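# Structural characterization, general
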Amino acid sequence: MLKDWHDWFETFTGVVALWFVTFPVAVLAVLALAWWRRAWRTALADVGMVYGTLFPVWLTLLPGGPGTDPPRVSLVPFTDLSAIIEHGPASATIQIGGNLILLAALGFFAPVRFPALASLPRILVLAAVCSTLIETAQYVFHLDRVSSVDDVLVNTAGAGLAALASRHWWRVPVSVGC
């Protein structure tokens, strides 16, 4: 029985199902943290960063399809993107869309939670570092995936766009009193 569960969580379907099943737990975590801290904004940002980033990163660390042995690295910008686009619009939409979403929660919530990160250049640096670590892990763990600079660029762009979407909430609330 345990082997079946282990196999199930090593699949795209299993990880996505777990993401949806754990959503009520994430909502309860936000409510509990907000009540405990008396600050809903930081509670939502903390849980949002973890919940919104954990499962997409988990998906990128699942073994890929066979055929990239030995591990391949692509360091020439836009090479992989052009190859993806040549495979057709459906493949390009899934690949590029997935990479845009990968660090979007981090980009959206990090400047809300941490005032020191409340600038687009800082979020872009944070996302680029995180994305580089993910691509390095894919290479080091021999996951039959291509570690590509294009993935780093698109992941960083997704975090930057998400950060811009949350820009209204970056402002730190002004406290009144002594």
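In this report, we go over the structure that sits alongside the text. (Residues numbered from 1 in each chain as written. Predicted model: local features only at pLDDT ≥ 70, side-chain atom pairs only at ≥ 80, totals over all residues. Heavy atoms only, no water.)

On to the layout of surface pockets, then. Estimated volume of the largest pocket: approximately 860 Å³. Together, 31 residues line the largest pocket, and Thr 60, Gln 95, Asn 99, Arg 145 and Asp 151 are the ones closest to its centre. When contributions to the lining of the largest pocket are tallied by element, the ones reaching two or more residues are α2 (12-21), α4 (40-60), α5 (79-86), α6 (89-102), α8 (120-140), β2 (146-148) and α9 (149-165). Per-element tally for the lining of the largest pocket: the top contributor is α6, with nine residues. Taken together, the residues that form the lining of the largest pocket break down as twelve nonpolar, 13 polar and six charged. (1 Å grid on protein atoms, 1.4 Å probe; cavity = no way out; pocket = protein on both sides within 12 Å on 5 of 7 lines; lining within 4 Å. Points joined across faces, edges and corners; volume = space filled by probe spheres on them. Helix = DSSP H or I, 4+ residues; strand = E, 2+ residues; numbered from the N terminus. Nonpolar A, V, L, I, M, F, W, Y, C, P; charged D, E, K, R; others polar.)

This paragraph deals with the packing of helix α7 (residues 104-113) against α9. One way to put it is that α7 packs onto α9 with a least axis distance of 7 Å and a crossing angle of 40°. Here α9 runs oblique to α7, going by the angle between their axes. Here the hand of the crossing between α7 and α9 comes out right-handed. The segment α7 lies against α9, with Ala 104, Gly 107 and Phe 108 engaging Gly 158, Ala 159, Ala 162, Ala 163 and Ala 165. Classifying every residue of the contact of α7 with α9 gives six nonpolar, two polar and no charged. (Axes fitted to C-alpha atoms, helices over the stretch in contact; angles between N-to-C directions. Parallel < 35°, antiparallel > 145°, perpendicular 65-115°, else oblique. Left-handed = near helix turned anticlockwise from the far one by under 90°. Contact = heavy atoms within 4.5 Å.)

As a further point, take the packing of helix α3 (residues 23-37) against α4. Helix packing geometry: the angle between the two helix axes and the distance between the axes. Two elements in contact, α3 and α4, have axes whose closest approach is 8 Å; the angle formed by their N-to-C orientations is 150°. Put simply, α3 runs roughly antiparallel to α4. Here α3 and α4 pass one another in a crossing that is right-handed. Contact with α3, carried on its side by Phe 23, Ala 26, Ala 29, Val 30, Leu 33, Ala 34 and Arg 37, involves Trp 40, Thr 42, Ala 43, Leu 44, Asp 46, Val 47 and Tyr 51 of α4 and no other residues of that element. Considering only residue class, the contact of α3 with α4 consists of eleven nonpolar, one polar and two charged.

If you look at the biggest cluster of nonpolar residues, it comprises 16 residues, and the most contacted ones within it are Met 49, Leu 102, Leu 103, Leu 106, Phe 109, Ala 110 and Ile 134. Only α4, α7, α8 and α9 provide two or more residues apiece to this core. Here this core gets five residues from one element, more than from any other, and that element is α7. In contact with Leu 102, other than residues within four places in its own chain, are Gly 52, Thr 53, Pro 56, Val 57, Thr 60, Ile 134 and Asn 155. By size, the runner-up hydrophobic cluster in this structure holds eight residues, among which are Val 15, Ala 26, Val 47 and Leu 62. (Core = buried A, V, L, I, M, F, W, Y, C linked by side-chain atoms within 4.5 Å. Buried < 20%, exposed > 50% of the residue type's maximum accessible area, 1.4 Å probe, protein only.)

Quick look at the packing of aromatic side chains now. To describe a pair of aromatic rings, you give the distance between the ring centres and the angle between the ring planes. Evaluation of the coordinates by the stated rule reveals eight aromatic pairs. With a centroid separation of 6.1 Å and an interplanar angle of 20°, the aromatic rings of Trp 19 and Phe 55 are classed as stacked. Remark: Phe 55 occurs in helix α4 and Trp 19 occurs in helix α2; sequence separation between them is 36 residues. Residue Phe 55 is classed as buried on the basis of its relative accessible area of 5%. Ring geometry for Phe 55 against Trp 58: centres 5.8 Å apart, planes inclined by 25°, an arrangement best described as stacked. Separated by three residues within a single helix, Phe 55 and Trp 58 lie in helix α4, roughly one turn from each other. Look at Trp 58 and you get partly exposed, because its relative accessible area is 28%. (Phe/Tyr/Trp six-rings, centres within 6.5 Å; stacked < 30°, edge-to-face > 60°.)

Purely geometric stuff here, so don't read any function into it on its own.
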